[in-house]
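Fold and contact review
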Amino acid sequence: MASGLGVALFSSAVFGLSGSFAKALLETGWTPGAAVTARLTGAALILAVFAIPSLRGRWHQLRDNWLTVLLFGFIGVAACQLFYFNAVSRLSVGVALLLEYLAPVLIVLWLWAVSRKRPRPLTIAGTLLSLGGLILVLDLTGAVKVDLIGVLWGIAAAVCLAIYFFITAKENDTLPPILLASGGLMVGAIVMWLTAATGLLPMAFSTADTRLGPWVTPWWVALGGLVVLATVVAYVSGIVAARALGSKVASFVSLTEVLFAVIWAWLLLGELPGPIQLLGGLLIVGGVVLVRLDELRAPSGTGAAALDHANDCEPVP
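Since we're looking at a predicted model, the values are computed, not measured.

1. A closer look at the overall build of the protein chain
When helices and strands are counted, the protein chain shows 14 helices and 2 strands. Residues counted as buried form 53% of the 317 residues belonging to the protein chain. Taking contacts inside the protein chain between residues at least 6 apart in sequence as the whole, the part at least 24 apart equals 87%. Taken as a whole, the protein chain presents about 14,000 Å² of accessible surface, with 72% of it coming from carbon and sulfur.

2. A few points about the pattern of salt bridges
Tallied over the entire structure, the rule returns 2 salt bridges. Notably, a salt bridge pairs K23 with E271, separated by 2.8 Å at the nearest N-O pair. A residue pair is termed long-range when its members are at least 10 positions apart, and K23 in helix 2 (residues 18–26) and E271 in the loop between helix 13 (256–269) and helix 14 (275–297) qualify at 248 residues. Residue K23 is classed as buried on the basis of its relative accessible area, which comes to 10%. A salt bridge links R90 to D147, with the nearest nitrogen and oxygen atoms 3.2 Å apart. Within this pair, whereas R90 is found in helix 5 (residues 66–90), its partner D147 is found in the loop between helix 8 (121–138) and helix 9 (148–169), the two being separated by 57 residues in sequence. For D147, a relative accessible area of 26% corresponds to the partly exposed category.

3. Section: the nonpolar core
Counting residues in hydrophobic clusters, the biggest one holds 79 residues, and the most contacted among them are W30, L40, Y84, L99 and L185. A per-element tally of this core places helix 5 first, with 12 residues.

4. Re a nonpolar patch on the surface
A contiguous nonpolar surface patch, about 580 Å² in accessible area, is contributed by L259, I263, W266, L267, L272 and L278. Per-element tally for the nonpolar patch: the top contributor is helix 13, with 4 residues. The topology assignment puts I263 in helix 13.

5. Looking at the confidence of the model for the protein chain
A low pLDDT means the predicted coordinates there should not be read in detail. Scored by pLDDT, the protein chain comes out at a mean of 80, with 84% of its residues at no less than 70. No element of the protein chain has a lower mean pLDDT than helix 12 (residues 247–253), which averages 62, and none a higher one than helix 2, which averages 92. With pLDDT under 50 throughout, residues 303–316 is counted as low confidence; its partners more than four residues away or in other chains account for 56 contacts.

6. Focus: helix 8
With 18 residues, helix 8 ought to run about 26 Å at 1.5 Å a step, and its terminal C-alpha atoms sit 26 Å apart, in line with that. When helix 8 is considered as a whole, its buried residues turn out to be T123, G126, T127, S130, G133, L134, V137 and L138. Down the axis of helix 8, the buried side of the element spans an arc of 130°, and every buried residue falls inside it. Opposite the buried face of helix 8, at more than 90 degrees from it, the exposed residues are P121, L128 and I135.

Reading guide: rules and limits
Residues numbered from 1 in each chain as written. Predicted model: local features only at pLDDT ≥ 70, side-chain atom pairs only at ≥ 80, totals over all residues. Heavy atoms only, no water. Helix = DSSP H or I, 4+ residues; strand = E, 2+ residues; numbered from the N terminus. Buried < 20%, exposed > 50% of the residue type's maximum accessible area, 1.4 Å probe, protein only. Contact = heavy atoms within 4.5 Å. Areas by Shrake-Rupley, 256 points an atom, 1.4 Å probe, with all protein chains shown as cover. Salt bridge = Lys/Arg side-chain N within 4 Å of Asp/Glu carboxyl O. Core = buried A, V, L, I, M, F, W, Y, C linked by side-chain atoms within 4.5 Å. Patch = residues over 30% accessible without salt bridge, like charges linked within 9 Å, V, L, I, M, F, W, Y side chains within 5 Å. pLDDT = per-residue confidence, 0-100. Expected span 1.5 Å × (residues − 1). Arc of directions from axis to C-beta.

The structure is reproduced here in structure tokens:
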């Protein structure tokens, strides 16, 4: 348990780097679409080296689960990352990620609407707390105005992340997590390249130097960090943590990604949300924690436990 917890925290820490590395590229002229495409392509090729041998001739595992892999790659990987990077291009990394992590609240509201069964008091309290935190994060009366388009991109990322959780929550013993991760990244990369080829997605790359904290580095340093650390290493360590801790505990620990993302953005980009936004962020995370706690207490088979296995693969923000 102790070693698994350490791996889970490490996974959250490297996942939290994605926003900072991406923004360093965006500030030199990269478009969000280009950053996402490069990230997915590089990570998919690296993970394929580990995923293909794991099949050992059992290619039917992919054939039998093609729809799951397709949806995961299109919505949970490509769309989610594209929307998040679009939000990062207009908002601070911390605010963009806090908006994305409203996904558990959206899940609660969706299950409530579909089942017409009122959630238990702890879940309701967590939902209201997170919504109150959202109001503070937006800081509508503050001196610094939050970009409305950026907020909409962040909420769109939250919707995609909620769908991602629904996809990965489904029990599936025939599709190992490494195959879902690798296949999803490959699908996401193909979708991004096809979209760019049609002209629907602006693609601009730059070889200008990037700035990370006090250092000026070549562009490939930020890109390499985004691909290797914030994607490949994060995915592999996340899978190891989920197997060591179980999906419930691992998904709970993954909430620390918000904290790590804010710290990395502060150290590498000089970004730090204002006091009101930080308070709102604490409320959002606190609300999600209450929802998770209610999930852990839920009896088996109930609607509140619908996402018991929602983190067999860690999310890629």
